[in-house]
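Structural features, examined
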Amino acid sequence: MTISPSFPGIADQLARQQIELPSWAFGNSGTRFKVFSTPGTPRDPYEKIADAAQVHRYTGLAPTVALHIPWDLVDDFADLKRHAEEHGVALGTVNSNTFQDDDYKFGALTHVDEKIRQKAIDHHLQCIDVMHATGSRDLKIWLAEGSNYPGQEDMRSRQDRLHDSLSTIYDRLGDDQRLVLEYKFFEPSFYHTDVPDWGTSYVQTAALGDKAMVCLDTGHHAPGTNIEFIVMQLLRLGKLGSFDFNSRFYADDDLIVGAADPFQLFRILVEVIRGGGYDNPDVAFMLDQCHNVEDKIPGQIRSVLNVQEMTARALLLDRVALTAAQEAHDVLGANEIFMDAFQTDVRADLAAWRESRGLPANPMRAYLDSGYQQQIAEDRVGGVQAGWGA
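Residues numbered from 1 in each chain as written. Predicted model: local features only at pLDDT ≥ 70, side-chain atom pairs only at ≥ 80, totals over all residues. Heavy atoms only, no water.

In this structure the tally under the stated criterion is 15 aromatic pairs. Consider the rings of Phe-266 and Phe-338, whose centres lie 5.3 Å apart with planes at 75°: the pair is edge-to-face. Of the two residues, Phe-266 sits in helix α8 (residues 262–274) while Phe-338 sits in helix α11 (residues 331–342), which places them 72 residues apart along the sequence. With respect to class, Phe-266 is no different from Phe-338; both count as buried. Considering the side-chain rings of Tyr-367 and Tyr-372, the 6.2 Å spacing of their centres and the 55° angle between planes classify their relative orientation as tilted. A residue is classified by how much of its surface remains accessible, and Tyr-372, at 18% relative accessible area, is buried. Ring pairing ties together the aromatic residues Phe-243, Phe-245, Tyr-278 and Phe-285, which thus form one cluster. The positively charged end of Lys-119 is found above the aromatic ring belonging to Tyr-104, 5.5 Å away from the centroid. The lysine or arginine in question, Arg-313, covers the ring of Phe-342, its NZ or CZ lying 5.4 Å from the ring centre. (Phe/Tyr/Trp six-rings, centres within 6.5 Å; stacked < 30°, edge-to-face > 60°. Helix = DSSP H or I, 4+ residues; strand = E, 2+ residues; numbered from the N terminus. Buried < 20%, exposed > 50% of the residue type's maximum accessible area, 1.4 Å probe, protein only. Lys NZ or Arg CZ within 6 Å of the ring centre and 35° of its normal.)

Right, let's talk about the state of the cysteines for a bit. Per the stated rule, a full pass over the model turns up 0 disulfides. Cys-290 supplies the cysteine sulfur nearest to Cys-215, a cysteine that is in no disulfide, at a spacing of 14 Å. Taking relative accessible area as the criterion, Cys-215 reaches 0% and is therefore assigned buried. On the accessibility criterion, Cys-290 (7% relative accessible area) is buried. (Disulfide = S-S within 2.5 Å.)

Before going further, it helps to spend a moment on the pattern of salt bridges. Oppositely charged side chains can pair when the atoms bearing their charge come close. Per the stated rule, a full pass over the model turns up 20 salt bridges. Here Lys-119 makes a salt bridge to Asp-103, at a shortest N to O gap of 2.7 Å. One end of the pair, Lys-119, is in helix α4 (residues 114–134); the other, Asp-103, is in the loop between β5 (90–95) and α4, with 16 residues separating them in the sequence. A salt bridge links Glu-228 to Arg-267; the nearest nitrogen and oxygen atoms lie 2.6 Å apart. Placement of Glu-228 in helix α7 (residues 227–237) and of Arg-267 in helix α8 is noted, with a sequence separation of 39 residues between them. You'll find Glu-228 and Arg-267 in the same group, each marked buried. In the salt-bridge network here, residues are joined through shared partners; they are Arg-43, Glu-47, Asp-51 and Arg-380. (Salt bridge = Lys/Arg side-chain N within 4 Å of Asp/Glu carboxyl O.)

Ile-69 connects to Pro-70 through a cis peptide bond whose omega is 20°. Within the secondary structure layout, Pro-70 lies in the loop between β4 (64–68) and α3 (77–86). Of note, the amide linkage connecting Glu-187 to Pro-188 takes the cis form, showing an omega dihedral of 10°. In this structure, Pro-188 sits in the loop between β8 (178–182) and β9 (192–193). We note that Asp-254 has phi near 55°; this positive angle belongs to a residue other than glycine. Secondary-structure assignment places Asp-254 in the loop between β11 (240–245) and α8. Taking relative accessible area as the criterion, Asp-254 reaches 8% and is therefore assigned buried. Of note in the backbone geometry, His-329 takes a positive phi value of approximately 55° without being a glycine. One can find His-329 in the loop between α10 (319–327) and α11.

The alternating pattern of strand β6 (residues 138–141) places Asp-138 and Lys-140 on one face and Leu-139 and Ile-141 on the opposite face, and all of these are buried. Read from β5 through α4 to β6, the crossover connection turns out right-handed. The pairing of β6 with β8 spans 4 bridges and is parallel. Directly across from Lys-140, in β8, lies its bridge partner Val-180. (Right-handed = clockwise from strand over helix to strand, strands pointing away. Pairing = 2+ DSSP bridges.)

Spelled out as structure tokens, the structure:
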């Protein structure tokens, strides 16, 4: 295979792309109706790490794996860290969980009961202890807190309690650690959510300090939201800490990234590059997906390849020509330049580029031919490691 003349200019930039994988993507997951089991499901966090390492082995794109506590609790996190390194990956973001305990029915970090708030705070302090053992930088917090009916809760008081709780957690962070606050506009609460949008997350993290950042999950917005505008603004403000990439048709579907709207993914990545968020250690790329009906490892391979493909197209955008057209108010000319980049077929170039770096031209086919999927299906009986919905 040969690389087209325009592609070498972005090859070095592509080589620096890193996308973190979520451990829970490899576990059983489903909906409130049914959690389907999958042959070869990991039986413990060690096997989840081994599966994630397969994605990196064939794509070269996924050198770190995010953990979810308590789903990924082990007796010895130093040992889990060594296990990851032996498989060619590292442990990354630590995600907290305050949405599967009866005590948190009416809130966790926002609860009116001080004892329940302290319980939720203590959980996050436990997560920070895990971070010390794994060498992780980021503590990511998503809160399933809010109310279903007008008048049910005092929204102002909940914001005050949230700030107090987050401040306690923030004060425990190490010098090289960060708190990343994720937002979601609804679900499981339907009337109001305590962190429903980027503005609320920004206000809360700005009040904490420089080590607090916003996490943008691409599936956590109302239909029709201009997500790339939010990306631009958070980068402009210096508060975009991480992405959770996924895809949605209706709500927080957590489907394979790019499956529903590849053009939206392209537009987001254009703004990431424009705003200095690409190849920037302060902006983490991560997947947050659940593979309810498809095999987990191939689903993650397809996902990181989709991000890579749209990144390549976005890097090929002729920014000089686009700026000139914009400043000349050449509406159709600017749009044509933008669309030309989106419509550029980079698949053959990416295949050739992978081969030049010792990777398989077709990572999906290489994985399927490896026999790993069949082997884990035979070896792992009764795997029930949790993922979303499990």
